[in-house]
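Working through the structure, step by step
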Amino acid sequence: MLTELLTGWITHQRWFAGKGRPIDDLVVDSDVELSPRLRHLIISVHQAGARDRYQLLLGSEAPDWAHFKAAHIGEGYYDAAYDADLTVTLLEGMAEGRDTGPLRFRHVEGVEIDTSLRSLVLGAEQSNTSLVYGETYICKLFRRLNAGVNPELEIVTALAGHGGRNIARPYGWIEADLDGEPTTLAMTQEFLPNANDGWALALASVRDLYGALEGSASDAGGDFSSESYRLGITTAQIHRELAEAFPTETIEPQEVKRMVEEFRRRLAAAVEEVPELGEHAHVAEEAYQRVADVASETRVQRVHGDYHLGQVMRTTTDWIVLDFEGEPGQPMAERRALASPLRDVAGMLRSFDYAARHLLADHSNADELRPRAVEWAELNRSSFLAGYSAGGGRLRAEDAVLLRALELDKAAYEVLYEARNRPTWMHIPMSAFQMGR
């Protein structure tokens, strides 16, 4: 029976969120035939009284089982995301604007989609599966489904409509109704084959610095500060375009204080689970209190929501910002909520600290190199902030108080994450509470 096969198979998938918990029930909510050998499934998985929904491209009768062994489900079925002969159906559907049962394939007005390209699955993703078609498109399948329009589709199409240059151009999407809401199942954007990942570029710079016996972060061969400055400019431009494309609001001081209380709640939860954080928690408490003491009207808008060096790509001409879907796993309403743009700024500042320090975890000369890591991080943090200000980003003197609090709120989340998943990295976010910034 198909549901039994899927129950055994789904728990081994990287994108399955319920690992470690028994499955009480698995139900196929939707089963749509897209072609004679390809079906689209929406599956409900019930665990401990909760339900999560996932989507699957189900293939049958694979012509070469050896080739699809890794995607094998059982009894002739397999994950068809890995079959380039079948996934062309997705491009064709978007190009034509086709409706197939409850599935709606759409394309951005005025674009043409080349349906002759074959797909290849991009590896190493945790929560989604991305198909790269030639060197032209990348189609992201949102494996775990949340009812509603995905923030990435909403933001990227809006920015493209306003002439935004620092995004990957959108081409099309697939949607269906879940819980009565139009829900994004997949979206297709411009693929950037010759771009470099910001995280990888930063690590190359850090490695150069660690390898240099003399000199400083500013004169080592891997100096990254000029790129950090340009990235700051790009970030300010993205924030300005988001403010033009979507409504903005001003929240009152009392709402700012409620935000501070949420910071405190998250800090307390982190300390309860990671007691080592307790001896440094006063650093965050003092920063949060300063925000409450000087609370004033604060502008909020749509933001990226999960901003770090792994979300940006460097092309030959500029930085491109990707993945506007917010923090995976958070409710859709929270991912679409208005926030201070300083939330994104804080996320990138934390990312510079991570880039500088994570290579020290297993380094034999960690103690000797730590001051150089701090110097690299401080140089790139200040360069990013200078670029953000030069690009028109709002950085008043009083904003430094909120920015510091947002950084520490992010660091508290990181401590919790690392304690659960990568204990040897926990020293990285812990260091944020030990610096005299």
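Residues numbered from 1 in each chain as written. Predicted model: local features only at pLDDT ≥ 70, side-chain atom pairs only at ≥ 80, totals over all residues. Heavy atoms only, no water.

1. Examining the side chain of Ser228
Relative to the assigned elements, Ser228 resides in helix H5 (residues 225-245). Among the residues examined, Ser228 registers a relative accessible area of 0% and is labelled buried. In contact with Ser228, other than residues within four places in its own chain, are Phe352, Asn380, Ser383 and Phe384. (Helix = DSSP H or I, 4+ residues; strand = E, 2+ residues; numbered from the N terminus. Buried < 20%, exposed > 50% of the residue type's maximum accessible area, 1.4 Å probe, protein only. Contact = heavy atoms within 4.5 Å.)

2. Quick notes on helix H3 (residues 151-161)
When you tally the buried positions in H3, you get eight out of eleven residues, the bulk of the element. Looking at the buried positions of H3, the neighbouring elements they touch are strand S10 (137-142), strand S12 (170-178), strand S13 (181-190), H5 and helix H8 (332-335). Positive backbone phi, approximately 80°, marks Gly163, located one or two places after H3.

3. Looking at the sheet that holds strand S18 (residues 319-321)
Taken in spatial order, the three strands make up an open sheet running S14-S17-S18, and their pairing is antiparallel. Strands at the two margins of the open sheet, each flanked by one partner only, are strand S14 (196-197) and S18. Bridging between strand S17 (residues 312-314) and S18 involves three bridges; their strand directions are antiparallel. Bridge pairing in S18 links Met313 to Ile320. Sitting on the sheet, H5 is in contact with S17 and S18, with an inclination near 45° to S18. (Pairing = 2+ DSSP bridges. Axes fitted to C-alpha atoms, helices over the stretch in contact; angles between N-to-C directions.)

4. Topic: the pattern of salt bridges
Considering all chains together, one arrives at 36 salt bridges under this definition. Its salt-bridge partner being Arg314, residue Glu227 comes within 2.6 Å of it at the nearest N-O pair. Of this pair, Glu227 sits in helix H5 while Arg314 sits in strand S17; the two residues are 87 residues apart in sequence, bridging distant segments of the chain. The exposure class assigned to Arg314 is buried, which follows from its relative accessible area of 12%. Sharing partners across several salt bridges, the network here consists of Arg350, Asp353, Glu378, Arg381, Glu407 and Glu414. (Salt bridge = Lys/Arg side-chain N within 4 Å of Asp/Glu carboxyl O.)

5. So, the sheet that holds strand S9 (residues 128-133)
Taken in spatial order, the seven strands of this open sheet run S6-S7-S12-S13-S10-S9-S8, and their pairing is antiparallel. What marks the edges here is a single partner per strand, and that holds for strand S6 (99-100) and strand S8 (119-122). Taken together, the five bridges between S10 and S13 define a ladder with antiparallel strand orientation. Of the residues in S13, the one forming a bridge with Lys140 is Met187.

6. Thoughts on helix H4 (residues 198-211)
The terminal C-alpha atoms of H4, which comprises 14 residues, lie 20 Å apart, in line with the 20 Å expected from a rise of 1.5 Å per residue. Looking at H4, one finds that the buried residues are Gly198, Ala202, Leu203, Ser205, Val206, Leu209 and Tyr210. The buried residues of H4 occupy one face: seen down the axis, they fall within an arc of 160°. Looking at the buried positions of H4, the neighbouring elements they touch are S14, S17, S18, helix H9 (342-357) and helix H10 (366-390). Sitting at the amino-terminal end of H4 is Asp197, which places a side-chain oxygen 3.0 Å from the backbone nitrogen of Trp199. (Expected span 1.5 Å × (residues − 1). Arc of directions from axis to C-beta. Polar contact = N/O pair within 3.5 Å; in protein donor to acceptor, adjacent residues only side chain to side chain.)

7. A closer look at the packing of aromatic side chains
Applying the stated criterion across every chain, the model contains eleven aromatic pairs. Here Trp9 and Trp15 contribute two aromatic rings whose centre-to-centre distance is 5.8 Å and whose plane-to-plane angle is 65°, an arrangement assigned as edge-to-face. Their ring planes at 65° and their centres at 6.3 Å tell us that Phe352 and Trp376 sit as a pair that is edge-to-face. A residue pair is termed long-range when its members are at least 10 positions apart, and Phe352 in helix H9 and Trp376 in helix H10 qualify at 24 residues. A residue is classified by how much of its surface remains accessible, and Trp376, at 1% relative accessible area, is buried. Among the aromatic residues, ring-to-ring pairing joins Phe224, Trp319, Phe352, Trp376, Phe384 and Tyr388 into one connected group. Sitting over the ring of Phe246, Arg302 keeps its end group 4.9 Å from the ring centre. (Phe/Tyr/Trp six-rings, centres within 6.5 Å; stacked < 30°, edge-to-face > 60°. Lys NZ or Arg CZ within 6 Å of the ring centre and 35° of its normal.)

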